[in-house]
Amino acid sequence: MSRGQDKEMKHITVLIAGRPYPLKIDVADEPAIRKIVKEVNEKINRFQLTYTNKDKQDCLSMALLTYAVDLHKAKTSGGNDPALSGKLFQLEALLDQVLD
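Residues numbered from 1 in each chain as written. Predicted model: local features only at pLDDT ≥ 70, side-chain atom pairs only at ≥ 80, totals over all residues. Heavy atoms only, no water.

Draft legend 1. Structural view of the overall build of the chain. In terms of regular secondary structure, the chain is built from three helices and two strands. For the chain, the sequential pattern of α-helices and β-strands runs β-β-α-α-α. Expressed as a percentage of its 100 residues, the buried residues of the chain come to 33%. Look at the contacts in the chain between residues 6 or more apart in sequence, and 41% of them connect residues 24 or more apart. Summed over its atoms, the accessible surface of the chain is roughly 6,700 Å², and 55% of this surface lies on carbon and sulfur atoms. (Helix = DSSP H or I, 4+ residues; strand = E, 2+ residues; numbered from the N terminus. Buried < 20%, exposed > 50% of the residue type's maximum accessible area, 1.4 Å probe, protein only. Contact = heavy atoms within 4.5 Å. Areas by Shrake-Rupley, 256 points an atom, 1.4 Å probe, with all protein chains shown as cover.)

Below is the structure:
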């Protein structure tokens, strides 16, 4: 996600695990962010279906861990898959925005 001053910025709110997170994003990044949010929520839902005794927070943490492992693998392998590296970079930037 670009943070340059010449970029057109937009405020959006995304829902992750049913909770709203306000973000300030580059307008050009919105489609990618919405796609990533959808993928994250789908992964959380899969964990909820697989581990019915876990609460939503546990499933969110497990989803985050799988993305962190994928990001670590991509970084240590030298980024052999540019599509994966790009997606993981966008996810990392989204997480940075949500956690700020």
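Draft legend 2. The arrangement of the pairing of strand E1 (residues 9-16) in detail. Where E1 and strand E2 (residues 19-26) come together, eight bridges link them in antiparallel fashion. The partner of Val14 across the bridge, within E2, is Tyr21. Connecting E1 to the antiparallel partner E2 that follows it, the hairpin turn spans two residues, and Ala17 within it adopts a positive phi of roughly 55 degrees. (Pairing = 2+ DSSP bridges.)

Draft legend 3. Unusual backbone geometry, seen in detail. Positive phi outside glycine occurs at Ala17, with the angle close to 55 degrees. Considering the arrangement of structural elements, one finds Ala17 in the loop between E1 and E2. On the basis of relative accessible area, Ala17 is assigned to the buried category, the value being 12%.

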